[in-house]
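Chains, contacts and geometry: an overview
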Amino acid sequence: MPIEVNGKSFETDEEGYLANINDWEPGVASVMAKEDDLELTDEHWDIINFLREYYEEYQIAPAVRVLTKAVGKKMGKDKGNSKYLYGLFPYGPAKQACRYAGLPKPTGCV
Amino acid sequence: MAKADFQVPKLKQYAEIPPVAPGAMAHSAPFKSKPEFQATLGFPGELAPDWQRQALDKMGDLLGRYRSLRVYLDSCVKCGSCTDKCHYYLGTHDPKNMPVGRQDLMRKVYRRYFTLAGRLFPKLVGAEDFTEEVLADWYSYFHQCSQCRRCSVFCPYGIDTAEISMAAREIMDHIGVGQKYCNEIIGKVYKIGNNLGLPGPALADTLEGLEEDVFDDTGVEVKYPLDQEGAEILLVTPSADFFAEPHVDGLIGYGKVFHEAGVSWTLSSYASEAANFGMFIGSYENMRRVAQRIREAAIKLKVKRIVFGECGHAWRVAYSFLNTLAGPWDFLDQRYPIPQHICEFTYDLMQQGKLRFDKSQNDDKVLTYHDSCNVARASRMGDRPGGQFDIPRAIIRATCNHFYDMDEETIRDRTFCCGGGGGLLTDDLMELRVKGAQPRVEALNNLMQEKGVTHMAAICAICKSQFTKVLPYYGMDMDQIVSVHQLVSNAIILTGQDEEDTPDAGTTEADYADEAA
């Protein structure tokens, strides 16, 4: 089911993940968040941008611990934990934040 | 937590057998596999016009290959013993989720085409044509079985619905009707080496981070080696252990145990997955192909032993089938179990008095233990019957001061599935997962009320992820589920550790010599 962003159409899979990561632009995240009734703040964008950078380097989303550690380093130790990330992305950082960032869905026993 | 667009079951003090609600879960079906995922596994991409013929040929092939399948289909006497034993029936009330109801979906087709009475008088013996409607029912309800085998414990004939579900999925895969979740994942194992698709460099980066964390916490340089040729032990663990919480806390624990044991060990980027979804889809060929990777890695890295991390069905495949799938293992050290479970490894060291624990490090928790279905009912640990129940509990008791078991009807070989096993741990089956978790969560909830239990430990990646997701639907916290080796990790006193905050409360073998008796 494609989503409409600024008049452009983006192909997504049946679970709402972007079909092609290279198509991504920031508007995609905003539209997806809006559908979830979520307002994206700077804190959300920090996570989304980190996910995209990490993916660029490693071709996979970061492990939760890699992510929390990076967040802790950048934004203070009290924020370097899953509770903080789930506060931002209630459906789970790995799945919801990855979807907004245009990354494929992490698969497996997670 | 996501908002539920279905009714979350209410937890009760006593388990209730619900009245049947026919068709209550007829709408539930996972996403279908795309042709490209099918092709990787050697299956057709979509349904062909002569699909019925192909399906019956495959069923005939399986009936010939597995005598058990024919016996299971022939021997049911409709005694009703299984009807209230499946967590999916108890949680969804759909009679096709009664084990006998599920078996009958295949049994009626079997009778129609493979028995004389069914060929001549189908109506009299409950035989039915294999129509598209029946196929749709198969796809829906054979993906509402987590292959946990609880029903088989209560069946007087020992009919194993798990094997029937596996056969059904194998038949469906052979006519191009595969499940996206399982088949995409198996493809990733072939391409990258694990279910998650974590490439080597990402693994290395993650493990390096763990080394830093453990050093910061303890002041001890515990290593998490990758692809180290000549190491004694190859650790094969579910890739969720690298990626998710609380899984990774278990992985940290394994590393600390290996460190204290003074053995060299390594992970493999090529065989960076313990899970073997080939079993879930009933495909011997794919199960073998996944298992072969472990053999190839063991040979390449010249290891002497293989140890499996906390993964339920992986341990079933490893314990029960590894030798036929990927043996002979004559190049490994024959003095140790081949393969060995990490719990056996840790327990063995405990008995030798080689591990010191400070139990008070887990005093913020009151523990219970969830027996994972594949470990409980399809494998064993140690050298005594019931070791798969006793050894993990002995480890918990050695590392925690407060432990209680749940209702005995719901533990050990009668344990309830977490609700997400058997290839069902996917978001498109969330209603089924939440409802199927009800019996287990009910037993947990009762223990929380009666004994003040705060946490439940498990040794299966699927169980851990499933509870993380479903506990919040029941008003509980996602972090109430923990890894057994997370408890070990918290309590273990490493040699040379900064001990200023660690009282001299180490325990030795004398304290738990009888624990597992």
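Residues numbered from 1 in each chain as written. Chains lettered and ligands numbered in written order. Predicted model: local features only at pLDDT ≥ 70, side-chain atom pairs only at ≥ 80, totals over all residues.

1. A word on the overall build of chain B
To keep things clear, this is the line we draw: Strands here mean DSSP runs of E at least two residues long; helices mean DSSP runs of H or I at least four residues long; both are numbered from the N terminus. Every radius of gyration here is taken over C-alpha atoms, with the globule rule written as 2.2 Å times N^0.38, N being the number of residues. Counting other C-beta atoms within 10 Å of a residue's C-beta gives its exposure: the residue is buried at 20 or more, exposed at 12 or fewer, and partly exposed in between, where C-beta atoms are placed from the backbone. Any two residues are considered in contact once their C-beta atoms, placed from the backbone, lie within 7 Å.
Helix and strand counts for chain B stand at 23 helices and seven strands. For 517 residues, the compact-globule estimate of 2.2 N^0.38 gives 24 Å, and the C-alpha radius of gyration of chain B, at 23 Å, lies within 12% of that figure. Projecting the C-alpha coordinates of chain B onto the three principal axes gives extents of approximately 80 × 50 × 40 Å. Looking at chain B as a whole, 54% of its 517 residues are labelled buried. Within chain B, contacts between residues at least 6 apart in sequence are counted, and of these 80% link residues at least 24 apart.

2. Details of the overall build of chain A
For chain A, the count of helices and strands is five helices and two strands. The N-to-C order of helical and strand elements in chain A reads β-β-α-α-α-α-α. Taking 2.2 N^0.38 as the reference for a compact globule, 110 residues should give roughly 13 Å; the C-alpha atoms of chain A span a radius of gyration of 13 Å, in line with that estimate. For chain A, the residues scored as buried account for 34% of the 110 residues in total. For chain A, the share of sequence-separated contacts (at least 6 apart) that also reach a separation of at least 24 residues comes to 42%.

3. A word on the interface of chain B and chain A
You'll often see interface size given as the accessible area lost when the parts meet. To be explicit about the condition: Put simply, Ala, Val, Leu, Ile, Met, Phe, Trp, Tyr, Cys and Pro go in the nonpolar bin, Asp, Glu, Lys and Arg in the charged bin, and everything else, Gly too, in the polar bin.
With 30 residues of chain B in contact, the opposing surface of chain A contributes 18 residues. Broken down by element, the residue count for the side of chain B that touches chain A peaks at five residues, all from helix H11 (residues 200–218) of chain B. A per-class count over the side of chain B that touches chain A returns 19 nonpolar, six polar and five charged.

4. Quick word on the sheet that holds strand E3 (residues 305–308) of chain B
Residues and elements named next belong to chain B. Note the threshold: For two strands to pair, DSSP has to find at least two bridges joining them. Between the N-to-C directions of two axes lies an angle of 0 to 180 degrees, each axis being a line fitted to C-alpha atoms and, for a helix, fitted only over the stretch in contact.
Taken in spatial order, the four strands line up as E2-E1-E3-E4 in an open sheet, and their pairing is parallel. Each edge of the open sheet carries a strand with a single partner, namely strand E2 (265–266) and strand E4 (340–341). The strands touched by helix H14 (residues 284–301) within the sheet are strand E1 (233–236), E2 and E3, with E1 carrying the most contacts at an inclination of about 150°.

5. Comments concerning the pairing of E1 of chain B
Residues and elements named next belong to chain B. Residues of E1 alternate between two faces, with Ile233 and Leu235 on one and Leu234 and Val236 on the opposite face, all of them buried. Two elements, E1 and E3, share four bridges in a ladder whose sense is parallel. When the sheet's bridge partners are listed, Leu235 is paired in E3 with Val307.

6. Brief notes about helix H7 (residues 132–141) of chain B
Residues and elements named next belong to chain B. The test is simple: Picture the helix axis, draw a direction to every C-beta atom, and the arc is the one those directions span.
Buried within H7 are the following residues: Leu135, Trp138 and Tyr141. Buried residues in H7, looked at end-on, bunch into an arc of 145°, giving them a common side. For H7, exposure combined with an orientation more than 90 degrees from the buried face picks out Glu132 and Glu133.

7. Some remarks on the domain arrangement of chain B
Residue and element names in this part refer to chain B. Stated formally: Segmentation into domains, and thus their bounds, comes from an automatic or database assignment.
Here chain B is partitioned into domain 1 (35–177) and domain 2 (188–512). Contact residues are listed per partner, giving 22 residues for domain 1 and 24 residues for domain 2. Sorting the residues of the side of domain 1 that touches domain 2 by element identifies helix H4 (87–92), helix H8 (150–154) and helix H9 (161–174) as the ones contributing at least two each. Considering only residue class, the side of domain 1 that touches domain 2 consists of eight nonpolar, nine polar and five charged.

8. Side note on the packing of helix H16 (residues 342–351) of chain B against helix H18 (residues 387–399) of chain B
All names here are of chain B. Threshold: Comment on the angle field: the value is read as roughly parallel under 35 degrees, roughly antiparallel over 145, roughly perpendicular from 65 to 115, and oblique elsewhere. Crossings are sorted by hand: turned counterclockwise from the far helix by less than a right angle, the near helix makes the crossing left-handed, and turned clockwise it makes it right-handed.
Packing of H16 against H18 brings their axes to within 9 Å, and their N-to-C directions diverge by 55°. It follows that H16 is oblique to H18 by the angle criterion. As for the relative orientation of H16 and H18, their crossing is left-handed in sense. Of the residues in H18, those touching H16 at Cys343, Glu344, Thr346, Tyr347 and Met350 are Ile391, Pro392, Ala394, Ile395 and Ala398.

9. With respect to the packing of helix H5 (residues 99–114) of chain B against H7 of chain B
All names here are of chain B. Packing of H5 against H7 leaves a shortest axis separation of 10 Å and a crossing angle of 150°. Between H5 and H7, the crossing angle belongs to the class labelled roughly antiparallel. Crossing handedness for the pair H5 and H7: left-handed. When H5 is examined against H7, the residues Arg102, Leu105 and Val109 are found in contact with a partner set consisting of Val134, Asp137, Trp138 and Tyr141.

10. Some details on the domain arrangement of chain A
Domain annotation of chain A identifies domain 1 (3–35) and domain 2 (42–100). With centres defined by C-alpha atoms, the gap from domain 1 of chain A to domain 2 of chain A works out at 19 Å.

11. Overview of the sheet that holds strand E5 (residues 367–369) of chain B
Pairing between the strands of a sheet comes from backbone hydrogen bonds, and it takes one of two forms, parallel or antiparallel. Residue and element names in this part refer to chain B. In space, the three strands of this open sheet follow the order E5-E6-E7, with parallel pairing throughout. In the strand order of this sheet, the two ends are held by E5 and strand E7 (481–483), each with one partner. When strand polarity is set aside, the average angle formed by the axes of neighbouring strands in this sheet is 40°. Summarising the sheet, strand E6 (residues 455–458) and E7 pair through three bridges and their orientation is parallel. If you follow Ala457 over to E7, its bridge partner there is Val482.

12. Brief notes about the nonpolar core
Basically, it comes down to this: By convention in this section, buried Ala, Val, Leu, Ile, Met, Phe, Trp, Tyr and Cys residues joined through C-beta atoms within 7 Å make up a nonpolar core.
Counting residues in hydrophobic clusters, the biggest one holds 176 residues, and the most contacted among them are Leu51 of chain A together with Phe243, Phe308, Ile395 and Ala457 of chain B. Sequence-distant contacts of Phe243 of chain B, defined by excluding residues within four places in its chain, comprise Ala63, Val64, Pro106 and Val110 of chain A together with Leu196 and Leu198 of chain B.

13. Some details on the environment of Glu232 of chain B
All names here are of chain B. Relative to the helices and strands, Glu232 is located in the loop between H11 and E1. The class of Glu232 is partly exposed, set by 17 C-beta atoms lying within 10 Å. Separated by 49 residues in sequence, Glu232 and Ile281 have C-alpha atoms that sit 33 Å apart. If we skip the residues at most four places from it in the chain, Glu232 touches Val263, Ser264, Trp265, Val303, Lys304 and Arg305.

14. Describing the pairing of E3 of chain B
Working note: regular strand, side chains alternate between the two faces of the sheet. Residue and element names in this part refer to chain B. Basically, it comes down to this: Handedness of a crossover: with both strands directed away from the viewer, a clockwise path from the first strand across the helix to the second marks it as right-handed.
Here E3 shows no split at all, with Arg305 and Val307 on one side and Ile306 and Phe308 on the other all buried. In the sheet, E3 pairs with E4 via two bridges, with the strands oriented parallel. Residue pairing across strands places Val307 opposite Gln340, the latter belonging to E4. What joins E3 to E4 is helix H15 (residues 312–326), and the crossover it makes is right-handed.

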